[in-house]
Amino acid sequence: MTATRVKLKPSFNPKRVSILGSTGSIGQSTIKLLQQSPERYEVVALSARSNVALLAEQARALKPAFVAIEDATLLPELKTALAGTNIKIGAGCDAIIEAAAEPADWVMSAIVGAAALAPTLAAIKQGTIIALANKECLVCAGEMVMAEVNKHGTTLLPVDSEHNALFQAMDFSKAEMIDRLTLTASGGPFRTLPAAELKNVTVKQAVHHPNWSMGAKISVDSATMMNKGLEIIEAYHLFPVEKEQIDVLVHPQSIVHGLVSYCDGSVVAGLSFTDMRVPIAFTLGWPARLESSGTPKLDLAKIGNLTFEAPNEDKFPALRIAREALIAGGSAPLVLNAANEVAVQAFINEKIGFMDITRITEQAIETCRDSKTPASLEEVIALDSEARNCTASLIASL
Ligand code: NAD
Ligand code: MG
């Protein structure tokens, strides 16, 4: 049994907060929570890739000290939109990292993809609280991220609903008595679609998730079930279990999110309504609970039925591919993540079909993984870029 990977530390009420990826689905849900009790928070920094209009609107409402936009060509536009305020403005990748490093008590990491890694590491170095929505940074550099968390005494609180439920259901003092962890999966929009029809599904169908409203990339990941594959790897890094102790269970209602099974046969599960404000509120209030989060309450009588089924790994190979990458170790999880990001984008751009996403990802892992785990951020960035180039060549040769 390995040591507890999520470090619990007595904390204080979050006060100074920053949001990395404030214009995204998680970022906007976080802002809704802050606006429930604006007097409790001082917003330090907001950041986004390119949505100037929304970023400026958020900045005018929340009055952060600093805003950062990744696309540097949009700096003049952002400056114009924030004229007359005394908000400091930055642009480019370095500005996103600067936003993450601004002293704060609580940082929401909600940039999508491996692009979140460097800013998340910068935020971790502060040694305060990271609410981690981004899962890709744990997939591509889980060992490094968790080592930094331990080194700086940072409190890492999972936002991803399954991991948040596991965190709440887990008795960290009895880690050796945990038998299994179970992540539930909705099964995505194509759960009941015959396998033969998957090759013809459109982007519009794939991004339309039955239960959750989310960004485009994670919605496509849910449709292929790669999201759950990435989440197995995420859970491995967050929790004190071995690779083989993590299961997936399809649960179309998405009410039960995670289950911890103990050695005596007891199972403790985490439930909530399908709204990401619930797990975000948990991290924002931690170690207390927010009294006035405004989040929807769970009404099980109204829901009536909760159903469960085993995942169909023949129809959705992503689970197997991700599990194999986790077991292979070395750079395999990093290549899995990079290849999947490139393939999902190619699917969204209508360059490849739905079934090509997992096929190409698996080919990319076979082609360019190596047995060495990247040991520094520079190595991760270099290998990530190599894996992206390799995937782009595979797509071009289709
Ligand atoms: P999204 O696409 O809606 O938002 C992404 C945010 O990141 C935006 O603010 C965007 O401007 C910013 N961004 C994108 N690329 C960037 C870059 N290169 N540099 C700086 N900023 C960049 O995504 P989302 O659905 O909010 O998901 C965010 C993360 O949270 C993902 O890792 C996702 O897997 C995870 N997550 C999301 C949900 C959900 O319900 N949406 C649930 C669990 C986990
Ligand atoms: Mg999830």
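This section reports on the structure supplied with the text.

Reading the values: the criteria
- For every chain, the first residue of its written sequence is number 1, and the numbers climb from 1 along that sequence.
- Written order determines the labels here, with chains lettered from A and ligands numbered from 1.
- At least 70 in pLDDT is required for a residue's local features to be given in this predicted model, at least 80 for side-chain atom pairs to be given and counted, and no such filter applies to totals for whole chains, interfaces and linings, which use all residues.
- Hydrogens and waters are ignored; side-chain quantities use all the structure's heavy atoms.
- Under the scheme used here, helices are H or I runs from DSSP no shorter than 4 residues and strands are E runs no shorter than 2 residues, and both carry numbers assigned from the N terminus.
- When we talk radius of gyration, it's over C-alpha atoms, and the globule rule is simply 2.2 Å times the number of residues to the 0.38.
- Under the scheme applied here, a residue whose accessible area is under 20% of the maximum for its type counts as buried, over 50% as exposed, and between as partly exposed, the area being computed with a 1.4 Å probe on protein chains only.
- For this analysis, residues touch if any pair of their heavy atoms sits within 4.5 Å.
- All accessible areas in this document rest on Shrake-Rupley with a 1.4 Å probe, and a residue is counted as covered only by the protein chains that are shown.
- In summary, the charge assignment counts Lys and Arg as positive and Asp and Glu as negative, without counting His or the chain termini.
- By convention, charge coordinates are those of NZ in Lys, CZ in Arg, CG in Asp, or CD in Glu.
- With water omitted from the atoms examined, metal sites may look incomplete; donors here are N, O and S atoms no farther than 2.8 Å from the metal, or 3.2 Å in the case of Na, K and Ca.
- The pairing criterion for strands is at least two bridges between them, as found by DSSP.
- Lines fitted to the C-alpha atoms define the axes, with helices restricted to the stretch that makes contact. Angles between their N-to-C directions range from 0 to 180 degrees.

Some words on the overall build of the protein chain
- When you go through the protein chain residue by residue, the secondary structure sums to 16 helices and eleven strands.
- For the protein chain, whose C-alpha radius of gyration is 20 Å, the value lies close to the compact-globule estimate of 21 Å for 398 residues.
- The proportion of buried residues among the 398 residues of the protein chain is 56%.
- Summarising the internal contacts of the protein chain: among those between residues at least 6 apart in sequence, 70% fall at separations of at least 24.
- Of the roughly 16,400 Å² of accessible surface on the protein chain, 53% is carried by carbon and sulfur atoms.
- Each charge class in the protein chain can be summarised by its mean position, and for the 35 positive and 43 negative side chains these summaries are 4 Å apart.

Some details on the coordination of the magnesium ion (ligand 2)
- Coordination sphere of the magnesium ion (ligand 2), protein contribution only: Asp-160 (OD), Glu-162 (OE) and Glu-231 (OE), at 2.1 to 2.2 Å.
- Motif for the magnesium ion (ligand 2), donor spacing along one chain: D-x1-E-x68-E. Placement of the pair is Glu-162 in helix α7 (residues 161-169) and Glu-231 in helix α10 (residues 226-238), with a sequence separation of 69 residues. With respect to class, Glu-162 is no different from Glu-231; both count as buried.

Re the sheet that holds strand β3 (residues 66-69)
- Taken in spatial order, the seven strands make up an open sheet running β4-β3-β2-β1-β5-β6-β7, and their pairing is parallel. Each edge of the sheet is formed by a strand with only one pairing partner; in this case those strands are β4 (88-91) and β7 (155-158). Each strand of the sheet is rotated relative to its neighbour by a mean of 15 degrees, with strand direction disregarded.
- In this sheet, β4 lies alongside β3 in parallel orientation, the contact comprising four bridges. For Ile-69, the partnering residue across the bridge sits in β4 and is Ala-91.
- Packed on one face of the sheet, helix α5 (residues 117-124) meets β1 (16-20), β5 (106-109) and β6 (129-132) and runs near 150 degrees to β6.
- Most of the contacts of helix α11 (residues 277-285) go to β5, to which it runs at about 155 degrees, and overall it touches β1, β5, β6 and β7.

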